[in-house]
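Observations on the model geometry
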Amino acid sequence: MGELIRLSDLLREELPDWDSECCMDAVPVDWAGSAPSTGFERLDALLGGMPSEGLSLIAGRPGTGKTSFLVDLAIIAAKQGVPVTFFSLELGRRNLVQRFLAAEACVGLHSLQRETPDKDLASIWQAAHELSGLQIYISDDPIVDARDIEFLADKALSMYGAERGDRKPLVLVDYLQLLEAGQATNAVSRFDSAARSLKTVSKRMGCPVIAACQVMRRVEQRSGKKPCLDDLRYPSIEKYADAVLLINRVASDDDREDLFMPRKGKAELIAAKNVWGPTGSTILGFDDWCSRFIEL
């Protein structure tokens, strides 16, 4: 099943010289009232805030920022006192921790993966200080199923000092197509079973589950490469989702080839399905340098 580790412990592994003694936990906020903010005013206006229940899918082509968006949501929710459990079925823990640090410190992800420039150290230490106080728990086991997710999410609540029903956690899964799905005999039934099982976890735990998923390659052949609901791989999983948010990265005028230079672009977030409100779209910025979404 794998282990569940708090982000603060992983930060100590990643930054052995960092003094973490002065860090304090974030103050819990009651989620019984209005939904927490997504952290983006335009997205809040479209969705009414972060989902407080059900299964939501974050879909897009490879490289459009699905993992980055989940990392952003994890940080934003945890800063509002929400306990977060992040299941990373693709990235290992070190790569994921570096993404958390880059997003919070606003430093280049590539610099964290190599020798960190001295000019970035103060920002990284401060980011580690902020992140270590958040109730974010991570599993990077590549082989988990919905039962493992439910068990570990309950374990995270216990580590947080709460029980199911006391607090409403946020469960993030990166990504759906890698989730184990029992005795499924083909890809269609496997993904169908995976989506259905995550929906069941959400209902049993009474909390939101947000999972990244891929869209089909045919989007690449379309003018503008803008995805739609039928592009989900596989489309049958849509029936289990309460909301589907599609990410369409808009071409940037600042299209540098040098990955080590700061570059900012735009991303259209399309609410293609939303049982709690209207559908529609909004535009956010995307900072390639530190791999995070930003307000425009």
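What counts and what doesn't
- Residues numbered from 1 in each chain as written.
- Predicted model: local features only at pLDDT ≥ 70, side-chain atom pairs only at ≥ 80, totals over all residues.
- Heavy atoms only, no water.
- Helix = DSSP H or I, 4+ residues; strand = E, 2+ residues; numbered from the N terminus.
- Buried < 20%, exposed > 50% of the residue type's maximum accessible area, 1.4 Å probe, protein only.
- Contact = heavy atoms within 4.5 Å.
- Areas by Shrake-Rupley, 256 points an atom, 1.4 Å probe, with all protein chains shown as cover.
- Pairing = 2+ DSSP bridges.
- Axes fitted to C-alpha atoms, helices over the stretch in contact; angles between N-to-C directions.
- Parallel < 35°, antiparallel > 145°, perpendicular 65-115°, else oblique.
- Left-handed = near helix turned anticlockwise from the far one by under 90°.
- Nonpolar A, V, L, I, M, F, W, Y, C, P; charged D, E, K, R; others polar.
- Phe/Tyr/Trp six-rings, centres within 6.5 Å; stacked < 30°, edge-to-face > 60°.
- Polar contact = N/O pair within 3.5 Å; in protein donor to acceptor, adjacent residues only side chain to side chain.
- Salt bridge = Lys/Arg side-chain N within 4 Å of Asp/Glu carboxyl O.

**Regarding the overall build of the protein chain**
- Each helix and strand in the protein chain was counted, giving eight helices and ten strands.
- Residues counted as buried form 54% of the 296 residues belonging to the protein chain.
- Contacts spanning at least 24 positions in sequence make up 70% of the contacts within the protein chain whose residues lie at least 6 apart.
- A total accessible area of about 13,200 Å² is found for the protein chain, and carbon and sulfur atoms account for 48% of it.

**With respect to the sheet that holds strand S6 (residues 209–214)**
- With mixed pairing, the ten strands of this open sheet are ordered in space as S1-S4-S3-S5-S6-S2-S7-S8-S9-S10. The open sheet has two edge strands, strand S1 (5–6) and strand S10 (292–294), and neither has a second partner.
- Relative to strand S9 (residues 280–287), strand S8 (residues 264–274) is paired through eight bridges, and the arrangement is antiparallel. What sits directly across from Ala267, in S9, is Leu284.
- Against the sheet, helix H7 (residues 146–160) engages strand S3 (84–88), strand S4 (136–139) and strand S5 (170–174), with an angle of about 140 degrees to S3.

**Some details on the packing of helix H3 (residues 66–79) against helix H4 (residues 93–105)**
- Following both chains from N to C, one finds H3 and H4 inclined at 65 degrees, their axes separated by 10 Å at the closest point. In terms of axis orientation, H3 runs roughly perpendicular to H4. Between H3 and H4 lies a crossing of right-handed hand. Within the contact between the two elements, H3 uses Thr67, Ser68, Val71, Asp72, Ala74, Ile75 and Lys79 and H4 uses Leu96, Arg99, Phe100, Ala103 and Glu104.
- Grouping the amino acids of the contact of H3 with H4 by side-chain chemistry returns six nonpolar, two polar and four charged.

**A word on the packing of aromatic side chains**
- Applying the stated criterion to the full structure yields four aromatic pairs.
- Geometrically, the ring pair formed by Phe40 and Phe69 is stacked, given 6.5 Å between the ring centres and 15 degrees between the ring planes. Here the residue Phe40 occupies a position in the loop between helix H1 (7–14) and helix H2 (41–47), and Phe69 occupies one in helix H3, the gap between them amounting to 29 residues.
- For Phe69, a relative accessible area of 2% gives the class buried.
- On the basis of an interplanar angle of 70 degrees and a centroid distance of 6.0 Å, the ring pair of Phe86 and Phe100 is categorised as edge-to-face. Of this pair, Phe86 sits in strand S3 while Phe100 is found in helix H4, placing the two residues 14 residues apart along the sequence. Neither Phe86 nor Phe100 differs from the other in exposure class; each is buried.

**Some details on the environment of Lys226**
- Positionally, Lys226 belongs in the loop between S6 and strand S7 (243–250).
- Spatially, the C-alpha atoms of Lys226 and Asn248 are 5.8 Å apart, while their sequence positions differ by 22 residues.
- Ignoring sequence-local partners within four residues, the contact set of Lys226 consists of Val219, Asp231, Asn248, Glu268 and Ile270.
- Looking at Lys226, its side chain comes within polar contact range of the side chain of Glu268, at 3.3 Å.

**Notes on the pattern of salt bridges**
- One pass over the structure, following the stated rule, counts 13 salt bridges.
- One salt bridge in this structure joins Asp192 and Lys239, with 2.8 Å as the shortest N-O distance. With Asp192 in helix H8 (residues 187–205) and Lys239 in the loop between S6 and S7, this residue pair connects regions lying 47 residues apart in the sequence.
- One network of salt bridges, with partners in common, ties together Asp192, Arg196 and Lys239.

**Concerning the packing of H7 against H8**
- Between H7 and H8, the shortest axis-to-axis distance is 9 Å and the interhelical angle comes to 30 degrees. Accordingly, the angle class assigned to the pair H7 and H8 is roughly parallel. The two elements H7 and H8 meet at a crossing, and its hand is right-handed. Here Ala146, Ile149, Glu150, Ala153, Asp154 and Leu157 of H7 come into contact with H8, specifically with Ser197, Leu198, Val201, Arg204 and Met205.

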